[in-house]
Every structure is written in C-alpha cells, then in structure tokens.
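Next come the chains, spelled out residue by residue.
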Amino acid sequence: MVAIWNNQKQDYFPRIKEGNVYKITDFKIMPAQKKFRPVKKDISLSFYHKTKVEPMEDNGLIPKYKFDLTSFEVARTLLWDTTNFIDIMGMVKDVSSLETTSKGSKKLDVLLVDDRNHDMVISLWEEKATHFMESMAPLQDAAVFVIITGLLAKQYSGNSIILSSGDPTKCYFNLDYDPLKELMGNIQAITGHSSTSLPPPTKKRFVSTEDNIIADATIQTILDAQLPDDKKVMRFVCEATIVDISKYDGWYYNSCPTCPRTIRFEHGNLYCDECTKETGDYVQRYKITVHVKDDTAKTTFTLFNKEAQRLIGAPIQTIIAEIGQDKITSDIPVLVKNVKGKKCVFEVKVTIFNLDGREGYTVARLSEVTDQPPSTSNPPETLMDSPRKKKKLA
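Just so it is clear, the model here is predicted, and its values are computed rather than measured.

Undergrad: Give a detailed account of the confidence of the model for the protein chain, specifying residues and quantitative values.
TA: The predicted model of the protein chain has a mean per-residue pLDDT of 86, with 92% of residues at 70 or higher. Taken as a whole, residues 372-394 scores under 50 in pLDDT and shows 52 contacts with residues more than four places along the chain or in a different chain.

Undergrad: Can you break down the UniProt feature "domain: Replication factor A C-terminal" (unreviewed entry) in the protein chain residue by residue, with the values?
TA: On the UniProt side, "domain: Replication factor A C-terminal" (unreviewed entry) is annotated at positions that read residues 236-369 here. Here residues 236-369 is 15% helix and 43% strand, with 17 Å between the C-alpha atoms at its ends.

Undergrad: Residues and numbers for the pairing of strand β15 (residues 252-255), please.
TA: The alternating pattern of β15 places Tyr253 and Ser255 on a buried face and Tyr252 and Asn254 on a face that is not buried. As defined by bridge partners, β15 adjoins strand β19 (residues 283-293) across 4 bridges and the pair is classed as antiparallel. Residue pairing across strands places Ser255 opposite Val283, the latter belonging to β19.

Undergrad: Please set out the environment of Leu311 residue by residue, giving values where relevant.
TA: Looking at the element boundaries, Leu311 is found in helix α6 (residues 305-312). Leu311 gets classed as buried once you look at its relative accessible area, which sits at 3%. The sequence separation of Leu311 and Asn338 amounts to 27 residues, and the corresponding C-alpha distance is 9.3 Å. With residues near it in sequence (within four places) discarded, Leu311 still touches Ile242, Leu303, Val339, Lys342, Cys344, Leu366 and Glu368.

Undergrad: Please set out the pairing of strand β17 (residues 269-272) residue by residue, giving values where relevant.
TA: Side-chain alternation along β17 places Leu270 and Cys272 on a buried face and Asn269 and Tyr271 on a face that remains uncovered. When strand β16 (residues 264-266) meets β17, the two strands line up antiparallel, connected through 3 bridges. Bridge assignment links Arg264 to a residue of β17, and that residue is Tyr271. Counted along the chain from β16 to the antiparallel partner β17, the turn is 2 residues long, and its residue His267 has a positive phi close to 55°.

Undergrad: Any chance you could break down the pattern of salt bridges for me, citing the residues and the numbers?
TA: All chains considered together, the criterion is met by 20 salt bridges. Here Glu307 and Arg310 are joined by a salt bridge, their closest N and O atoms 3.6 Å apart. Residue Glu307 and its partner Arg310 are located together in helix α6, separated by 3 residues, close to a single helical turn. Arg310 shares its class with Glu307; the two are buried. Lys342 is the salt-bridge partner of Glu368, the closest N and O atoms lying 3.9 Å from each other. Of the two residues, Glu368 sits in strand β22 (residues 361-368) while Lys342 sits in the loop between α8 (334-337) and β21 (343-351), which places them 26 residues apart along the sequence. Residue classification places Glu368 among the partly exposed positions, given a relative accessible area of 35%. Salt bridges sharing partners connect three or more residues here, namely Glu99, Lys107, Asp109, Arg235, Lys306, Glu307, Arg310, Glu347 and Arg365.

About the cut-offs
- Residues numbered from 1 in each chain as written.
- Predicted model: local features only at pLDDT ≥ 70, side-chain atom pairs only at ≥ 80, totals over all residues.
- Heavy atoms only, no water.
- pLDDT = per-residue confidence, 0-100.
- Contact = heavy atoms within 4.5 Å.
- UniProt positions renumbered as here; feature names shortened; annotations may be inferred.
- Helix = DSSP H or I, 4+ residues; strand = E, 2+ residues; numbered from the N terminus.
- Buried < 20%, exposed > 50% of the residue type's maximum accessible area, 1.4 Å probe, protein only.
- Pairing = 2+ DSSP bridges.
- Salt bridge = Lys/Arg side-chain N within 4 Å of Asp/Glu carboxyl O.

Rendered as structure tokens:
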C-alpha cells in the first residue's frame, strides 16, 4: 500500500498506471491511516520529494491482480466500519435502472450472488454507476462475474445492509483470476449449469435481497392482497400514474427533529413516543396521499419525506421558505400539485393497517418513468476528497 498526498498527485499519478510494474526507491515507511484503508495493512509506503518511480519490464513474477476479498457474511458484520474498504466478488444477478435520489445523485443498484446462494446489494453512485452500465452493455447475453473494490457497509431506514461505493471503488468484469474462476465453477456445480448456460443479469427497476417482494404487480393485485399468517408486511412493485392529490390529508406533518415520527403536544410540551422524550422543537416533513391508477384499478399511495422530495424535486424547507412558516396551511402548494400526471414504478408495503379498507399504501421506493435518457453530474464530495486526506494506491 502506498500513500500519496493530494499535493503530490500531479507529479505521481500520470506516471503510475494500474497493471504496470515499477521500481520505487527512496520512500518512507509510515503507519497506515486509521480509516478508509484500501487494503488491510498497518503500514504503508509514503512518497516524499526524493521518491523515485521507474517503470520496469513485466517478467510475470508479480501477479497482475491481487484482491483482499471479503465474503458476504463477513461484509454484513462490518456495518458502518470505516477502517478498511471492502472488496467483494459475485455473479451479477440483477441490475436496477439508473435512478436519481432526492438529493439529485445518480444511483445504480446491483444484486450479486455467491456460491452459497447468498446475495448482496451493491449501490454504485455517480460515475461508478455510469461506468458499470457502460461496461455491462456488451456483456448482457451471458453470465457476468465481477469483483468490486472500495466499498463500505451501510444501512438506511431499517432496510437490509448494502455495500456502497466510494471514491476508490473499481469494478473488474470476468477477470482471469483464480478465486473468480473458482466461484464460477462452484455456482455451475450448485445450479447444474455449464459456463455457457448460466443466466445473464436481469434488468429490474429495483433490486433487493428481500424474498417477499412481488414484482410486476397490478393495483388490483395489491387491493386483493391478504397477509399470510407468518408475515407482517408484503411488498409489491407496480407501475401506475398519479391522477390526483388528496386535499383531505394535507401535505406535511410535524415530526421529531431526531427521528421521522410524529410529535404530539402534551400539557404544552412536545413529545416523541419513539425517542421517549420531550423534543423541545419539531420539523416539517412531507406526507402526501396520491390517487393512482393503472389498467386494472385505482387506489391511494402515501409518499413520505424522501420519496416525496424525489418526485417533487425540492425539499420541503424550500416550499415553506417561499410560503412563510407562519402562513403554511393544509392547502396543497403548486409545486406539490405538479406531481399529478407523473407515471412511476412504486414499491409499496401492504400491512395490517391497509386491510381494513383504508388503503393509503406506504411507498418504500419509487422511480419516475421517463423517456428521457439519464444524465450524469459531477460526483458529490466524499470524505476521501478532503484535502487533508491521503489518497491510497493498493
């Protein structure tokens, strides 16, 4: 592992290319940084003004690829651990559509499967997402095996643990690499497929490790759903058009500043039942009930803050600032009304709450259906972009 300071990149990056062999002299041995290590080492080489980098002939003695691979099971135990970046490998099972988050970032979800039939969602952001899509384009007709490096384990809103890309993330497709070939052989043995008959990746709107999601559902299917005795929630993915916004349900609610739960007023004080304490203040969050329809039926979906903001295109604070905090009412603002007519793919949850006829199914995720090609934008700054951080080359 080599540490190169940001102010040295202009000198060294043009001279060092992945896959080439170099002779490096006059360097320092330093303790590795405590966080965001690309490899699991406690020391690193540190370049300084006397360091020399000379290209050498590749005699084949140094392996072209070397990864510190982590299993899916171990990766899940590293939730929010930022000591080391995670390298993972698997067969690509599903690839989502490129979506735009409520903050305007581009995201692509990839579902990988290993030789124990375990799966893991990888979330690729910005140029990592677009590069993955471009690399996958010529590989769509056959099974794809990939190694993805530079990941961190994260979890949002109580969903499953996923691995998320960062600045050092790279994707390597169908490498001639022994562990990857072993994975392919094991999956062939388990499934009974030959190397040429393994299934290619499936294109989906959303990918998930959840086993209770019913894809390509209709609204009528959702309306007719009954919860099995062993399940408290079922999830459905359907495509529908927003035809109206309920004027009887308002468009926001007053929530705890710490969590998204509704606050209640008690004896002149603000109280959060989830946090079990007085909050002292509150914030407004979106809660919008929309009427939707498809070719089979009509119903109502409920959009909460993140998904509502994604569809509206502005945070609720922007709308409140325009109206004025002391002038907001339950009347639906024009910007919120603009979601009428939009066609989306919705992932909705059906719980016991919905089975008494009140509907209002909660939207867990959505993706607007558009004929416009996706655009790319500059990646957001991450911790690895800080001018005080080192850049690492494994």
